[in-house]
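# Per-entry structural report
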Amino acid sequence: IDEMQWPNGEVEIPSSVCSLPCKTGQRKKMVKGMPCCWHCEPCDGYQYQYDETSCKLCAYNMRPNANRTGCQPIPIVKLEWHSPWAVIPVFLAMLGIIATIFVMATFIRYNDTPIVRASGRELSYVLLTGIFLCYIITFVMIATPDVAVCSFRRIFLGLGMCISYAALLTKTNRIYRIFEEGKKSVTPPKLISPTSQLAITSSLISVQLLGVLIWFGVDPPNTIIDYDEQKTINPDKARGVLKCDITDLQIICSLGYSILLMVTCTIYAIKTRGVPENFNEAKPIGFTMYTTCIVWLAFIPIFFGTAQSAEK
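The name recorded for the protein in an unreviewed UniProt entry is G-protein coupled receptors family 3 profile domain-containing protein, from Cirrhinus mrigala. Recorded in UniProt under Sequence similarities (unreviewed entry), the annotation for the protein is "Belongs to the G-protein coupled receptor 3 family." UniProt annotates the protein under Subcellular location (unreviewed entry) with the comment "Cell membrane".

Structure, rendered in structure tokens:
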């Protein structure tokens, strides 16, 4: 035996086995008809080594550990305040809030001047409040999801735009009725006083709030961890996304009433485009509604076509 020579200059006697032991994270696949022989197959995907001959799939919220001998929880992520996806919207929202507060302060300071009174100051304050809420929702959307945050998201998601469009619709409708009535008689139309305008706007806004209350009753707000969005082929890159239990369809439905108000306001804006130049509310409102329609037409397909991600 000592004088035997083995290939490649090896000194030790070669192992006389059919198959070598499998490495950690591999299972034995037995060779048919040869009970002492097997092939080693790695446990792949989200599988771990259960015993010598089998792999098992990890639980829905788990992934295999580094050597695939067991499972470990999938890390949970959310939109962070320091992320560029959050920093840029927050910066723009702060600019918008400052501008809105500046305009509101200017209105309050010159509250009794003819130009502010002629602009319909009551509805202007309502409109500014709606714009302010549109900027505030940015911070609610980035905040760490919990029951309170999810509740505020449902309330304010469509409320800011609803208030803004309700005020614009009431303004535009008032202009339209004044000029339509003026063609027929010198008697002013009904419900054009500031109090009436606020009542009409409030009734339009209450429809949105009623819808949100029904939503709360049918489906109470809650948080979920979505493991499907970022469950990649490579388990090491898998992440669970902490978010509110609100689907894309529910978001669109929440904004649907605002879209209806916007379309109706656009129709009235088109009808009032021929009013005299000195009645200067109608044309800026018209321009606003046309551009808003374009933005919304772009938003809906982009929103539904965006790849699922934690930043969405």
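### Considering a nonpolar patch on the surface
On the surface, Ile88, Phe91, Leu92 and Leu95 cluster together into a nonpolar patch covering about 410 Å² of accessible area. As for its position among the elements, Ile88 is in helix H1 (residues 84-109). Residue Ile88 is classed as exposed on the basis of its relative accessible area of 52%.

### A short note on the packing of helix H5 (residues 194-218) against helix H6 (residues 248-271)
Where H5 contacts H6, the two axes come as close as 10 Å, and the packing angle between them is 165 degrees. In this view, H5 runs roughly antiparallel relative to H6, as classed from their interaxial angle. Here H5 runs over H6; the crossing is right-handed. Contact with H5, carried on its side by Leu204, Val207, Gln208 and Trp215, involves Gln250, Ser254, Tyr257 and Leu261 of H6 and no other residues of that element. Of the residues belonging to the contact of H5 with H6, the class tally is 5 nonpolar, 3 polar and no charged.

Each value, and the rule that gives it
- Residues numbered from 1 in each chain as written.
- Predicted model: local features only at pLDDT ≥ 70, side-chain atom pairs only at ≥ 80, totals over all residues.
- Heavy atoms only, no water.
- UniProt positions renumbered as here; feature names shortened; annotations may be inferred.
- Patch = residues over 30% accessible without salt bridge, like charges linked within 9 Å, V, L, I, M, F, W, Y side chains within 5 Å.
- Areas by Shrake-Rupley, 256 points an atom, 1.4 Å probe, with all protein chains shown as cover.
- Salt bridge = Lys/Arg side-chain N within 4 Å of Asp/Glu carboxyl O.
- Helix = DSSP H or I, 4+ residues; strand = E, 2+ residues; numbered from the N terminus.
- Buried < 20%, exposed > 50% of the residue type's maximum accessible area, 1.4 Å probe, protein only.
- Axes fitted to C-alpha atoms, helices over the stretch in contact; angles between N-to-C directions.
- Parallel < 35°, antiparallel > 145°, perpendicular 65-115°, else oblique.
- Left-handed = near helix turned anticlockwise from the far one by under 90°.
- Contact = heavy atoms within 4.5 Å.
- Nonpolar A, V, L, I, M, F, W, Y, C, P; charged D, E, K, R; others polar.

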